[in-house]
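Inside the fold
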Amino acid sequence: MAAESERVDRSSYSMDKSITLPPNEIFRNLENAKRFAIDIVAKVRSFDHTAKDTENDPLYEISMQEEILARLHFIKFENAYIETCLDFIKDHLVNTDTKVIKATGGGEDEMTCLIKGCNFVLRNIPHEAFVYVKHADSEFRFQNTHPDIFPYLLINIGSGVSIIKVESEDTFERVGGSSIGGGTFWGLGALLTKTKRFDELLQLASKGQHTSVDMLVKDIYGGSYGSLGLTGDLIASSFGKSATADKEFSKEDMAKSLLHMISNDIGQLACLYARLHNLTRVYFGGFFIRGHPVTMHTITYSINFFTKGEVQALFLRHEGYLGTIGAFLKGAEEDNPNQYSWGENYAGSSGLMSTSPDLNPMQRARSGTFDMLEMDRLERQLVNLPLLQDPSSYIPDTVDLSEDALAREYWLYCFEEALDGVVKRAVASQPDLPEAAERAEKFRHKYLHKLQTLRHQPFAYGSLTVRSLLDTREHCLNEFNFPDPYSKGPPHKCALFFVDNKLLCRGTEVVLASNSSPALNDVTNNELQILTERIAAMDPVIQSAVKEDRLTLVQSGSSSPCLDLSRLDKVLAGVVRERHTDLVIIEGMGRAIHTNYYALLSCESLKMAVIKNSWLADRLGGKLFSVVFKYEVKDVKTG
């Protein structure tokens, strides 16, 4: 039985102003929404450049015009509020020309929606999948986005269990299932504990001791059963002690035993089907898991036990949204949403643990429950750099702050200390807008809250890195309409550059890849077009190279001071192939040190940067303002 019909969440998309849907604020401005629960059109500011705009203007006097940006906005709430939701739909969306309403669980093919949603998050959200390791320093170990996600096995645990083999975007088969799933836990749990709420049952289970109820191997044999490889603490019979023990069992212990019983059963089923179909990637989803540590640990233990570590149990950060994302994709097929790439917007997503006590009164110390998820449609399709030696093992970030506590505390402190300066720059970038100061203060509050969340929950958005901290800041700035805080910085009177054109003079074709949109004070592709045009008017070598198409300017697809080589503009990847690129130069601390310091390419590469941070210089064994040149040649043995 598929989970979607029993889901305790729904989805919606909107932006800007808000209304209240008890118990929490749910919808933000539906007046621009194209599809309820799926698609939003929001207006943001961005740089646009034409020759006419810049002909007589100073370099940074680039006109700003409004751009249409699609945003997906998902909300979770309990079924108890579905009537309020339906009333809201009736008041705001019914009888309008531009709205489309789609729902999963009725009227849509649930299984198709489920798989479409799963494929979508695996392709578009870095660090979507994770392994859960109880008691480890890093409980959540996030997986890299793999360029080829197929084939895989999806174990969807709703009222019952559906086991689906997924071979391609549109090819999948339900190969098995079980009637013993989340509904079983809920139903038996209600009978045993008189507790009707699912989250309360999970809360009880997290406090219980299953050994009071379960019969263990050592209860039967006095210890381990070595010849069969059975440890003494292994469960021999779920609820086995309840038949003979003359005592009352606590609700907590019974809930824990029940959770173990069902999770172990599901784990064993998953192992059998994984081996039957020769699959090593097994994802678990559905409302039963809900990021609950006991559930994830039990399933992980079961998978490891029955496969001897050959198969990993993989969980999904956004497993609760798979069906609704799939419903959106089906409803938006005429717009061909798969031609775009999408990215999680950290400003609007609530993170790995709920921060709303009203929405989840039984707050857990660790929880994968997502209250809100926002995703922005990127106008460029992002792909791997073709020159990566092994895209499947590529990790852009040099340090994982979620694992390195000292580094995490230092960088969180740095970003907090820099916040006042960012706020001042944001206000200064819009001197003609009197409300800029108010918006800047809202940005401060929002970003500071994000930093505080990450201090206590470093796993909130996947692996925590300097890049993700920078991206979160950019997302928060954009939310309050500050697309480029550095645009109005005080200009220098005169700048002197010592440069040469050796590569062009030697006949080497040069491709300059720059940011697609503003980030810190980095040059954007639009700005680089202006610069190159003006330099070409003064330098015959540049002028000739541009005219002969030996100097090409391409946007990277990035809006960050850092660089993820697995998410680059598809056009740039095409240029790299067409030009048979055999040298890659990565410049700057964000692109060559915070990210890509260990990246392996299938051609010669030069990474260079000035270390402008004393703590980082010390961590790398150097001094402040040390210059790093890292030249690497393709390893013939591995490449």
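So, here is what we can say about the structure in this document. (Residues numbered from 1 in each chain as written. Predicted model: local features only at pLDDT ≥ 70, side-chain atom pairs only at ≥ 80, totals over all residues. Heavy atoms only, no water.)

1. Comments concerning the pattern of salt bridges
- Inspection of the entire model under this criterion finds 24 salt bridges.
- The shortest N-O distance in the salt bridge between R467 and D564 comes to 3.7 Å. Remark: D564 occurs in the loop between β20 (551–555) and β21 (568–569) and R467 occurs in helix α13 (residues 466–479); sequence separation between them is 97 residues. This pair shows no difference in class: R467 is buried, exactly as D564 is. (Salt bridge = Lys/Arg side-chain N within 4 Å of Asp/Glu carboxyl O. Helix = DSSP H or I, 4+ residues; strand = E, 2+ residues; numbered from the N terminus. Buried < 20%, exposed > 50% of the residue type's maximum accessible area, 1.4 Å probe, protein only.)

2. Some details on a nonpolar patch on the surface
- Among the surface-exposed residues, V610, L624, F625, V627 and F629 lie close enough to one another that they form a single nonpolar patch of about 500 Å² accessible area.
- Along the chain, L624 falls in the loop between α19 (614–619) and β24 (627–632).
- You can call L624 partly exposed: its relative accessible area is 40%. (Patch = residues over 30% accessible without salt bridge, like charges linked within 9 Å, V, L, I, M, F, W, Y side chains within 5 Å. Areas by Shrake-Rupley, 256 points an atom, 1.4 Å probe, with all protein chains shown as cover.)

3. Observations concerning the sheet that holds strand β10 (residues 161–166)
- Judged by pairing direction, the sheet is mixed, and its 7 strands sit side by side in the order β8-β7-β15-β14-β9-β10-β11 without closing on themselves. Across the chains shown, the open sheet's two edge strands, defined by having one partner strand only, are β8 (140–142) and β11 (172–178). Strand-to-strand twist across the sheet, computed as the mean angle between neighbouring axes with direction ignored, equals 30 degrees.
- Summarising the sheet, strand β9 (residues 152–157) and strand β14 (residues 281–285) pair through 4 bridges and their orientation is parallel. Considered in β14, the bridge of L153 is made with V282.
- Those strands touched by helix α8 (residues 293–307) are β7 (129–132), β8, β9, β14 and β15 (312–316), and its axis lies near 150 degrees from that of β15. (Pairing = 2+ DSSP bridges. Axes fitted to C-alpha atoms, helices over the stretch in contact; angles between N-to-C directions. Contact = heavy atoms within 4.5 Å.)

4. Here we look at the packing of aromatic side chains
- Per the counting criterion, the structure on display carries 24 aromatic pairs.
- Between the aromatic rings of F142 and F459, the centroid separation amounts to 6.4 Å while the plane-to-plane angle is 35 degrees, which identifies the pairing as tilted. With F142 in strand β8 and F459 in the loop between α12 (436–456) and α13, this pair connects stretches of sequence that are 317 residues apart.
- Residue class for F459 comes out buried when judged on its relative accessible area of 3%.
- Taken together, a centroid distance of 5.9 Å and an interplanar angle of 75 degrees make the contact between F185 and F288 edge-to-face. With F185 in helix α4 (residues 182–193) and F288 in the loop between β14 and α8, this residue pair connects regions lying 103 residues apart in the sequence. You'll find F185 and F288 in the same group, each marked buried.
- Taken together through their ring pairs, the aromatic side chains of F130, Y132, F140, F142, F284, F315 and F459 make up a single cluster.
- Of note, R377 hangs over the ring of Y340, and the distance from its end group to the ring centre comes to 4.0 Å. (Phe/Tyr/Trp six-rings, centres within 6.5 Å; stacked < 30°, edge-to-face > 60°. Lys NZ or Arg CZ within 6 Å of the ring centre and 35° of its normal.)

5. Quick word on the sheet that holds strand β22 (residues 583–587)
- In spatial order, the strands read β22-β23-β24; together these 3 strands make up an open sheet with mixed pairing. With one partner strand each, in any of the chains shown, β22 and β24 form the two edges of the open sheet. Direction aside, the axes of adjacent strands within the sheet are offset by 10 degrees on average.
- Sheet topology places strand β23 (residues 604–610) next to β24; 6 bridges connect them, and they run antiparallel. Paired with A609 across the two strands is V628, which belongs to β24.

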